[in-house]
Amino acid sequence: AIFAIGLIRNAVISTYGTNPIFIKRLLSSFVYNKYSLTDERVGIIQQPMVVQGTTGAYADWLKNLMEYQETSLGSNFENFKKINLPVSIIWGSEDSVTPLWQGQALQKLIPQSELLVIKGVGHIPYIENVNEFNSALIKSLKK
């Protein structure tokens, strides 16, 4: 309910979500390998945070994330069974935000899917293990 109020939502996001001082702390809650959050990588993620409107856009996204949306296509898992194209799902083995079992369940729902698990990384595999992520992505694109 608190995120329904735009001013409060924007204040929270501007303080903790898009504030350059807190970006590294926020990201560290999403990664398993804390050493992967180099100053250079954090800097790359911080760059778009200064674009006008970014805080409001993230705040709106958070509001939508927090609200139950029964009518979305993604809320009906039967829709995943209708996907008729190859899908590669890249997942971190140590993801604590969306645990591996969720990736495995998703892979079972999508007929032509494969689950590529990168060991020893959390929710942001493209930051935590760039080489493994790129290899998995290239493997998927070649198919």
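The paragraphs below set out a description of the structure included in this document. (Residues numbered from 1 in each chain as written. Predicted model: local features only at pLDDT ≥ 70, side-chain atom pairs only at ≥ 80, totals over all residues. Heavy atoms only, no water.)

## Observations concerning the pairing of strand S1 (residues 87-92)
To be explicit about the condition: A pair of strands is labelled paired if DSSP reports no fewer than 2 bridges between them. Secondary structure elements are defined from DSSP: runs of H or I of at least 4 residues count as helices, runs of E of at least 2 residues count as strands, and each element is numbered from the N terminus. Crossover handedness is defined by viewing with both strands directed away from the observer: a clockwise path from the first strand over the helix to the second marks the crossover as right-handed.
Pairing analysis gives 6 bridges linking S1 to strand S2 (residues 113-118), with the strands arranged parallel. Residue Ile89 lies in a different strand from S2, and its bridge partner there is Leu115. Once you follow S1 into helix H5 (residues 100-109) and on to S2, the crossover reads as right-handed.

## Let's talk about the side chain of Ser113
What counts here: The definition of a polar contact used here is a pair of N or O atoms within 3.5 Å, where within protein one atom must be able to donate a hydrogen and the other to accept one, and adjacent residues in sequence count solely through side-chain atom pairs. Here a residue-residue contact requires only that any non-hydrogen atoms of the pair lie within 4.5 Å.
If you trace the backbone, Ser113 turns up in strand S2. A polar atom in the side chain of Ser113 sits 2.7 Å from the backbone oxygen of Ile110. Setting aside anything within four residues of it in sequence, one finds Ser113 in contact with Val87, Ile89 and Gln107.

## Structural notes on the pattern of salt bridges
Selection criterion: Salt bridges are defined as contacts in which a side-chain nitrogen from Lys or Arg sits within 4 Å of a carboxyl oxygen from Asp or Glu. Exposure is judged per residue with a 1.4 Å probe applied to protein chains only, and the accessible area is read against the type maximum: over 50% gives exposed, under 20% gives buried, and values in between give partly exposed.
Tallied over the full model, the rule gives 4 salt bridges. Here Glu78 and Lys81 are joined by a salt bridge, their closest N and O atoms 3.1 Å apart. A relative accessible area of 43% places Glu78 in the partly exposed class. For Lys143, the salt bridge is made with Glu114, and the minimal N-O distance between the two is 2.9 Å. Taken together, the residues span a long stretch of sequence, with Lys143 in the segment after helix H7 (130-142) and Glu114 in strand S2 at a distance of 29 residues. Residue class for Lys143 comes out exposed when judged on its relative accessible area of 66%.

## Examining the packing of helix H1 (residues 6-17) against helix H4 (residues 54-66)
Geometrically, a packed helix pair is captured by the angle between its two axes and the distance between the axes. This is how the line gets drawn: Lines fitted to the C-alpha atoms define the axes, with helices restricted to the stretch that makes contact. Angles between their N-to-C directions range from 0 to 180 degrees. Should an angle lie under 35 degrees it is considered roughly parallel, over 145 roughly antiparallel, and from 65 to 115 roughly perpendicular; all remaining angles are considered oblique. For any helix crossing, the convention is left-handed if the near helix is rotated counterclockwise from the far helix by under a right angle, and right-handed if that rotation is clockwise. Any residue outside Ala, Val, Leu, Ile, Met, Phe, Trp, Tyr, Cys, Pro, Asp, Glu, Lys and Arg is labelled polar, Gly included; the first ten of those are nonpolar and the last four are charged.
Packing of H1 against H4 leaves a shortest axis separation of 9 Å and a crossing angle of 115°. The angle between H1 and H4 places the two elements in the roughly perpendicular class. Between H1 and H4 lies a crossing of right-handed hand. Packed against H1, whose contacting residues are Arg9, Asn10, Ile13 and Ser14, the element H4 presents Thr55, Gly56, Tyr58, Ala59, Asp60, Leu62 and Lys63 at the interface. Residue composition of the contact of H1 with H4, grouped by class: 4 nonpolar, 4 polar and 3 charged.

## Examining the packing of aromatic side chains
Defined as follows: The aromatic pairing rule takes the rings of Phe, Tyr and Trp, using the six-membered ring of Trp, and pairs them if the centres are within 6.5 Å, calling planes under 30 degrees apart stacked, those over 60 edge-to-face and the rest tilted.
Summed over the entire model, instances satisfying the criterion amount to 3 aromatic pairs. Taking 5.9 Å as the distance between ring centres and 55° as the angle between the ring planes, the aromatic pair formed by Phe77 and Phe80 counts as tilted. Residue Phe77 is classed as exposed on the basis of its relative accessible area, which comes to 52%.

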